[in-house]
Amino acid sequence: PMTILNTLGTTVQYDYPSLALTTIGNLGPAKSVTKISIPGCNEAAYQQTTCTIPKTLLALYYSGLDALGTVVVIVAWLWLKTFENSEAAHLNRSTVTASDYTLHVTRGMPPSATEKELAAHFAALTGEAIARVHMAYENAKEIEQYFARGKIMKERFDTVQRVRYQKTLEARYGAEGFDLVELNKLLKKRDALTDKIREVDYERRR
């Protein structure tokens, strides 16, 4: 309601189209405009005494609508907060998930323990059959080594392609058709990268 009244104000204070048309400033200055015409109101058709409303009374309506909207938002937020908590509890009671029958052990396990030994241990401890045991290994360092190896492999692949290009020029145009210095540099770089890959593989297997 407020946006409609503002947009269809009695005096246009702003150029059309403009978002400012939806503000209270579009109703006109307080000194020259003391009453506001209600949009769509027809005294003859609706048997109204008047289709205007004093600006002071309209200000009270605006304040009331703002307060009502704030109350509605607060009540809706409190209801939604309570509803989400109760719904989460209901879903937890009515839904069966793997976590309801899962044990997660993060510490205290012997390093030499096997999956079979752990299954037997927890079966004796809980009195229930253990369906399956999965052991997660801390292999973040190994993954980082694989990433490093991949970067070196890509660099070596690019170097090998440049070596092939120089050799193609040599085979097609002879000794004058390629850069011997560049080829020797590339061959040394290729060999160095190959040695680096071997070092990474050796560190990974340790």
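Structure: see above.
Rules behind the numbers
- Residues numbered from 1 in each chain as written.
- Predicted model: local features only at pLDDT ≥ 70, side-chain atom pairs only at ≥ 80, totals over all residues.
- Heavy atoms only, no water.
- Helix = DSSP H or I, 4+ residues; strand = E, 2+ residues; numbered from the N terminus.
- Buried < 20%, exposed > 50% of the residue type's maximum accessible area, 1.4 Å probe, protein only.
- Contact = heavy atoms within 4.5 Å.
- Areas by Shrake-Rupley, 256 points an atom, 1.4 Å probe, with all protein chains shown as cover.
- Salt bridge = Lys/Arg side-chain N within 4 Å of Asp/Glu carboxyl O.
- Patch = residues over 30% accessible without salt bridge, like charges linked within 9 Å, V, L, I, M, F, W, Y side chains within 5 Å.
- Phe/Tyr/Trp six-rings, centres within 6.5 Å; stacked < 30°, edge-to-face > 60°.
- Expected span 1.5 Å × (residues − 1).

Student: What exactly am I supposed to notice about the overall build of the protein chain here?
Tutor: Across its full length, the protein chain holds six helices and two strands. For the protein chain, buried positions account for 17% of its 206 residues. Considering only contacts in the protein chain between residues 6 or more positions apart, those separated by 24 or more positions represent 35%. As displayed, the protein chain offers around 16800 Å² of accessible surface, 59% of which is attributable to carbon and sulfur atoms.

Student: Just checking my understanding: could you explain the pattern of salt bridges for this structure?
Tutor: A side chain of one charge can pair with a side chain of the opposite charge when the charged atoms of the two come close. One pass over the full model with this rule turns up six salt bridges. The partner of R149 in a salt bridge is D201, with the nearest N and O atoms 2.5 Å apart. One end of the pair, R149, is in helix 5 (residues 140-173); the other, D201, is in helix 6 (residues 180-205), with 52 residues separating them in the sequence. With its nearest N and O atoms 3.6 Å apart, the salt bridge here joins E155 to K189. Here the residue E155 occupies a position in helix 5, and K189 occupies one in helix 6, the gap between them amounting to 34 residues.

Student: Would you mind showing me how to read a nonpolar patch on the surface here?
Tutor: Taken together, the side chains of L57, L60 and Y61 define a hydrophobic patch exposed on the protein surface, amounting to about 300 Å² of accessible area. Tracing the chain through its elements places L57 in helix 3 (residues 55-94). Classification of L57 by relative accessible area gives partly exposed; the value is 32%.

Student: Explain the packing of aromatic side chains to me, please; I cannot follow it from the model alone.
Tutor: The description of two aromatic rings rests on the distance between their centres and on the angle between their planes. Applying the stated criterion across every chain yields a total of one aromatic pair. With a centroid separation of 5.2 Å and 15 degrees between ring planes, the pair formed by W79 and F83 is classed as stacked. Taken as a pair, W79 and F83 lie in helix 3 at a separation of four residues, close to a single helical turn. Judged by its relative accessible area of 37%, F83 falls in the partly exposed class.

Student: Would you explain helix 4 (residues 115-126) in this entry?
Tutor: Three- or four-residue spacings in an α-helix give side chains the same orientation, since the helix completes a turn every 3.6 residues. For helix 4, built from 12 residues, the straight-helix expectation of 16 Å at 1.5 Å per residue is met to within 8% by its first-to-last C-alpha distance of 16 Å. Within two residues after helix 4, G127 carries a phi angle of roughly 75 degrees, on the positive side.

Student: Explanation requested: the environment of V133 in the structure shown.
Tutor: Looking at the secondary structure, you find V133 in the loop between helix 4 and helix 5. Distance in space between the C-alpha atoms of V133 and F122 is 9.9 Å, their sequence separation being 11 residues. Not counting residues within four places of it along the chain, the set of residues in contact with V133 comprises E115, L118 and A119.

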